[in-house]
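Observations on chain architecture
What follows is each chain in one-letter form.
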Amino acid sequence: MLRMKRLMRCDATAPVMRHTAVLWTNACFRSILAAAALCLATASLAPYAAAQTAAIAVNQAVSPSNAQLASPAIEARVEQLLRQMTLEEKIGQLVQYNDTGDVSSIQTSSAPATAEKPGAMAVQNPTTGNRVNAMQLAAAGQLGSMLNTIGAERTNTYQHLAVEKSRLHIPLLFGADVIHGFRTIYPVPLGLAASFDPKLVTELSHMSAEEATTAGIRWFYSPMVDISRDARWGRSVEGAGEDPYLGAAMARAYIHGYQGDDLSKPGSVAASVKHFAAYGAAEAGREYNTTDMSEITLRQIYLPPYQAAVEAGAATVMSAFNSLNGVPASANPFLLSKILRGEWGFNGFVVSDYTAVMELIHHGIALDAATATRKAVTAGVDVDMMSHFYDTQLPELVRTGQVSMEVVDEAVRRVLRVKLATGVFEHPYAEGAEVTAAVAGHRLLVRKAAEESFVLLQNNKLGSGEPLLPLSPASQRIALIGPLADDAAEMMGAWSGAPNVRDIISLKQALTERVRQTGGALRYAQGTGIADSSQAGFPEAIQTARAADVVILAMGESGRMSGEAGSRANLDLPGNQQQLLEAVAATGKPIVLLVFSGRPLVLDWAAQHIPAIMEVWFPGTEAGHAIANVLFGDVSPSGKLPMSFPRAVGQEPLYYNQFPTGRPPVGIDLSKPPTGEERFLSRYIDIPNSALFPFGYGLSYSNFSYRDVKVSKTSIPLSQVLVNRKAPLLEATATVTNTGKRMATEVVQCYVRNLGASIEQPVRSLKGFERITLAPGESRQVHFSLGFKELSFFNLDNSPSMEATHYTAWIGGSSLASQDASFEVTNSTSAADSPLAVILQ
Ligand code: BGC
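This one's a predicted model, so the numbers in the text were calculated from it and none came from an experiment. Just so you know, the residues in each chain are numbered from 1, in the order the chain's sequence is written. Since the coordinates come from a predicted model, pLDDT governs what is reported: local features require at least 70, and pairs of side-chain atoms require 80 or more to be given and counted, while whole-chain, interface and lining totals use all residues. Computation of side-chain values covers all heavy atoms of the structure but excludes hydrogens and water.

Segments assigned H or I by DSSP are reported as helices when at least four residues long, segments assigned E as strands when at least two residues long, and all are numbered from the N terminus. Across its full length, the chain carries 24 helices and 31 strands. The buried label goes to any residue with under 20% of its type's maximum accessible area, the exposed label to any with over 50%, and the partly exposed label to all in between, with areas taken from a 1.4 Å probe on protein chains only. Buried residues in the chain amount to 64% of all 841 residues. Note on contacts: a residue pair is in contact if any heavy atoms of the two residues lie within 4.5 Å. Across the chain, the fraction of contacts at a sequence separation of at least 24, relative to all contacts at a separation of at least 6, is 78%. Using a 1.4 Å probe, the Shrake-Rupley method yields the accessible areas, and only the shown protein chains count as cover for residues. Here the chain has roughly 29,100 Å² of accessible surface; of this, 52% comes from carbon and sulfur atoms.

Below, the structure is given as structure tokens:
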């Protein structure tokens, strides 16, 4: 469900620190290709000024990332409005509040509420305890946007105040956390990433935008594109996992779906790419924790998905909670001004994460609200979500010259551009028949998405010589056991829009329908709860299993165990589910274990004892039907893991594209404790280094073979790279054959390693993927185009570069692909093998 937020308190009684004002001149985005200049005016150097100084060397002429936002027609209207605005009205555009929901039903029951109407929403200032009234602010033109205020009636109520009562009639923008569906829910983003199907993601995103706009929402706080290499981090569920290439592909797909080719079209919403930046690298996987990394890792691993989203035209970006190398992301000019606006040409607006401006005080880089405000706004945070700092602090900061009017004006321009582009001035109110329940016509699409998201982790052969899955459609006695088997609400996972639980198909419901059609019998026993310690339900569950031909166990996490504030230090099945699993396994019945989770779990025991295991994440509205379709083989599973599944939590962070070490444990059996010299290798003494199920891995009901892995050139002169960095340099190809007995889809993956560069490179990195569907016996040649984008790396100057080095390309069905082909990039000017860096900016 869309969450209600609790506000945090902090003490802000310390004296105002003297300021360091950073002025980000606005010329860059008012005229299309004008250069940006950023200058730092230091009244006195606060200890943090050094970090800000580093961020101001921005003077590049880059194209605006979103052409629509740069349109001269919009620009003219922005300037016309700006000229008429008072300081309070300007600041109002930079302020965002939610409503509590509790009182809104009274307010919105019939005629639009008025600012004076009793019961208007009150929000508590987290610092001072002051209360604000969003209705009054809207009517006074001192509120720019609202979050998680949904429903045509509610949004229209506020909008009427803004449009009809405020002096300049500037409409509000309603933003919401619509992350994987609004009323018709599709799999959580991590599950969706397992589909490796960006086209599908675009369709789903557009579908959710179409549903939500009928409820007045024109702005989604999505996609979350934070790379996540640590399964302990609960928000892994919201992103596309550990890989930057997959993450970038998914990021683009979401933006295209949400925004379409025109933000003003009905059914389009502005996207907010979040959380900028590197939030997913929270130390120890602990929520809101600090991140610290080299600039090369930042640029090479963490930034590509954000950049892809910005290049795809994302209208807004959300600044993150975390600090990066000591500077909180929500007051980080290096991220927000130098990289985002300076290098990438981002011309939308930046909204802070929820109370992130206030949290600068907790981070210890501001002793009071005024300093936090100054640091955030001058670094490039345009809109203050819920801190109640911009509206309370900016007037005085501007009046005293601590923040220049230009900074405020530029932030206001950015907000107005997005509002004008989305067409809310022309169409301020929710339009069309409001979608209030799952849409029948959308069910097929979300079911397909769920089916594509499932990852078959194990499917061992039984005594018959056949694998356990798919289950025979012939009548048989099925035992359905486990806490996730009949819990419709839990099928939604974290951040699930605004679904109605009665729309959701549980697994029990779907299997009941199926046995009714095909014959057979279904018996259900819950066995235990998700996090229970009582074993009272075990005997019934064991009895149910004993009486069956096959057991389906539905186990895993609750939706709330991942998502925001859902970090876990243990990655096993919660509560006493492992004990139940072992007790049911002891019956000797064939078991299919379905794992519901928002992250990789440790499934080591299950992998050794349970013949069939399928990761189903949180599948959404059509959960039950989708799972049944795959269990019974109507659809063959095709999902591949977007994150590595560890053997033990101590392996985290665990990811396939790791750097090599000087002591690789090659040719050693790591499942045995070391003897002698084998000890002095990069390894654990108690478990193998490898993932239990690695990135890109996933089985099918068919089999695929790979052959003829080739590259179109074995040698490329470095000078050719210089000619055109956009042109493809070579192709890697492979022939893939469906060697099984049924039509099935395979995600063909291409990985690359670069050896011999001036900086060590990952042992392999994904550089292409394609979903192909093949009939039994059918073969297809698959092509991957490799160019500078795929083959370059960030050098010691933090610039993308290529050198005369050796490359290996693998093509296969997972990150363990074993068939490869090699090529060289040669130094065209001399035969020397010392690398010549070609730095292309
Ligand atoms: C989350 C964001 C979310 C925002 C608004 C924050 O706590 O980190 O992802 O968009 O709240 O609900």
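It is worth spelling out the sheet that holds strand β23 (residues 728-738) at this point. Pairs of strands are assigned from DSSP output, requiring at least two bridges between the strands. An order of β21-β23-β26 is seen for the three strands of this open sheet, with the pairing classed as antiparallel. The open sheet has two edge strands with one neighbour each: β21 (704-711) and β26 (779-787). Taking each pair of neighbouring strands and ignoring which way they run, the sheet shows an average axis angle of 20°. Looking at chain direction, β21 and β23 are connected through six bridges and run antiparallel. Axis lines are fitted through C-alpha atoms, for helices just across the contact stretch, and the angle between N-to-C directions can take any value from 0 to 180 degrees.

Turning to the environment of leucine 143, a few remarks are in order. Structurally, the position occupied by leucine 143 is in the loop between α6 (134-139) and β6 (145-147). Classification of leucine 143 as buried rests on a relative accessible area of 2%. Discounting chain neighbours no more than four positions away, the residues touching leucine 143 are Gly92, Gln93, Val95, Gln96, Tyr97, Ala134, Leu137, Ala138 and Leu172.

For the rest of this paragraph, the subject is the confidence of the model for the chain. One number per residue, pLDDT, summarises how confident the predictor is, and it ranges from 0 to 100. Overall, the predicted model of the chain reaches an average pLDDT of 89, with 87% of residues at or above 70. For residues 1-60, every residue scores under 50 in pLDDT, and the model assigns this stretch 162 contacts once sequence neighbours within four places are set aside. Below a pLDDT of 50 lies the segment residues 100-128, which in the model reaches 72 contacts outside its immediate sequence neighbourhood of four places, other chains included.

Let's shift gears to helix α12 (residues 333-343). Counting buried residues along α12, 10 of its 11 residues qualify, which places the element largely inside the surrounding structure. Listing the buried residues of α12 in full gives Pro333, Phe334, Leu335, Leu336, Ser337, Lys338, Ile339, Leu340, Arg341 and Gly342. Polar contacts here mean pairs of N or O atoms no more than 3.5 Å apart (in protein, one a potential hydrogen donor and the other a potential acceptor; neighbouring residues in sequence count only if both atoms are side-chain atoms). Near the N-terminus of α12, the side chain that reaches the backbone nitrogen of phenylalanine 334, with its oxygen 3.1 Å away, is that of asparagine 332. Looking at the residues trailing α12, positive phi occurs at glycine 345, about 70°.

A few words on the sheet that holds strand β15 (residues 455-459). With mixed pairing, six strands are arranged side by side in an open sheet as β15-β20-β19-β18-β16-β17. Every other strand in the sheet has two partners, leaving β15 and β17 (521-525) as the edge strands with one partner each. Each adjacent strand pair in this sheet contributes to an overall mean axis angle of 15°, direction not counted. Along the sheet face, helix α20 (residues 577-585) touches β16 (477-481), β18 (550-556) and β19 (591-596) and points at about 170° away from the line of β18.

So, on to helix α22 (residues 623-631). Counting buried residues in α22 gives nine out of nine residues, a clear majority hidden from the surface. Against the buried residues of α22 lie α17 (443-453), α18 (507-518), β18, β19 and β20 (612-615). Immediately beyond the C-terminal end of α22, within one or two residues, lies glycine 633, with a positive phi of roughly 80°.

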